[in-house]
Amino acid sequence: MLPEGLIFNIKRFSVNDGPGIRTTVFFKGCPLGCWWCHNPESRSGETEHVTITRTLHGREFCHHEAIGKTVTVEDVLSEIEKERVFYETSGGGVTFSGGEPLLQPDFLVGLAEACRIRDIHTCLDTSGYCEPLLFRDLIPKFDLFLFDIKVLDRSKHILYTGYPNDEILINLRQLDCSATGYIVRIPVVPGINDDEGFRDDLKKLLETLTMSRKEIHLLPYHPLAKSKMKMLGREYKMSDSSELDQRELHKFADSFQQAGYKVKIGG
Ligand code: SF4
């Protein structure tokens, strides 16, 4: 029997998670705790039960919802297969995202291998936070990686995500040395990495890589996760006034375009 895994969503017709039209499978569970996380419902590796309150015409309505569902590889494949025609006509495929898919390697590999047999393009959206030997073995299982870089300074990485970035940087180099293509994705977060110092450090790092695709995606911060964190009973560490200055975002994009990178805002 093929392995089971815990997911919290399957999104169809996704156009921001890799090339073409894609189905994005959101894995549940992530070891990191990024302050700005846009998908806080992905973080716990267990099914969570929440109460959602909505107001309509001055009256409050509550309903209970379970976040997270255990599914088999076959369950997910049957959903993926429904959109095959769109993958074929748009150059799309499937993206495994989260949370952190690498936390469920057997399930992830089961899905990736099943897609490859069916000739469906696969993309892994990852924080890169993973034991390097495991990461090395998983690289050839996918057609493309979306590899996040959040903060480069080690102590700031610990502060803002809860963990150091040593393994992430090792894994980025392993990926760079492989035959698998990748796109670097940067969540641009006000007060954390939207400054010139970070841009310069990132450029220096990328210059040391082969980076055959020379493509980066900037993911602008938005505060929508705040209400989700409240619903989950967790602390939202970003300040209430945090807002991304669009000028900084465009400076970011311009400086990398001038350095020869293909830059996309929004993934
Ligand atoms: S790695 Fe992604 S899913 Fe995990 S906490 Fe950070 S932003 Fe959220």
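Residues numbered from 1 in each chain as written. Predicted model: local features only at pLDDT ≥ 70, side-chain atom pairs only at ≥ 80, totals over all residues. Heavy atoms only, no water.

A. Up close: the layout of surface pockets. Size it by volume and the largest pocket reaches roughly 880 Å³. In terms of lining residues, the largest pocket is bounded by 34 residues, among which H38, N39, G98, R185 and L219 are the most central. Looking at the lining of the largest pocket, the elements that each hand over two or more residues are β1 (4-14), β7 (122-126), β9 (181-188), β10 (215-220) and α8 (225-232). Counting residues per element, the lining of the largest pocket draws most heavily on β1, which supplies 3 residues. (1 Å grid on protein atoms, 1.4 Å probe; cavity = no way out; pocket = protein on both sides within 12 Å on 5 of 7 lines; lining within 4 Å. Points joined across faces, edges and corners; volume = space filled by probe spheres on them. Helix = DSSP H or I, 4+ residues; strand = E, 2+ residues; numbered from the N terminus.)

B. Structural detail: helix α6 (residues 166-176). Restricting attention to buried positions, one finds in α6 the residues I168, N171, L172, L175 and D176. Around the axis of α6, the buried residues are gathered within 140° of arc, so they sit on the same side. Where the residues of α6 are buried, they touch α4 (132-138), β8 (144-148), α5 (154-161), β9 and α7 (196-207). (Buried < 20%, exposed > 50% of the residue type's maximum accessible area, 1.4 Å probe, protein only. Arc of directions from axis to C-beta. Contact = heavy atoms within 4.5 Å.)

C. Structural detail: the packing of aromatic side chains. Counted according to the given criterion, the structure contains 13 aromatic pairs. For the ring pair F96 and F142, a centre distance of 6.3 Å and an interplane angle of 70° mean the geometry is edge-to-face. With F96 in strand β6 (residues 93-97) and F142 in the loop between α4 and β8, the pair connects residues that are 46 residues apart, well separated along the chain. Note on accessibility: F96 and F142 belong to one class, buried. (Phe/Tyr/Trp six-rings, centres within 6.5 Å; stacked < 30°, edge-to-face > 60°.)

D. Inspection of the pattern of salt bridges at higher detail. Counted under the stated rule, the structure contains 20 salt bridges. Measuring nitrogen to oxygen at the nearest pair gives 3.3 Å for the salt bridge that ties D137 to R136. Accessibility expressed as a relative area gives 45% for R136, which makes it partly exposed. Put simply, K251 and E248 hold a salt bridge, and the shortest N to O gap is 3.1 Å. Highlighted residues: K251 and E248, both in helix α9 (residues 246-258), separated by 3 residues, approximately one helical turn. (Salt bridge = Lys/Arg side-chain N within 4 Å of Asp/Glu carboxyl O.)

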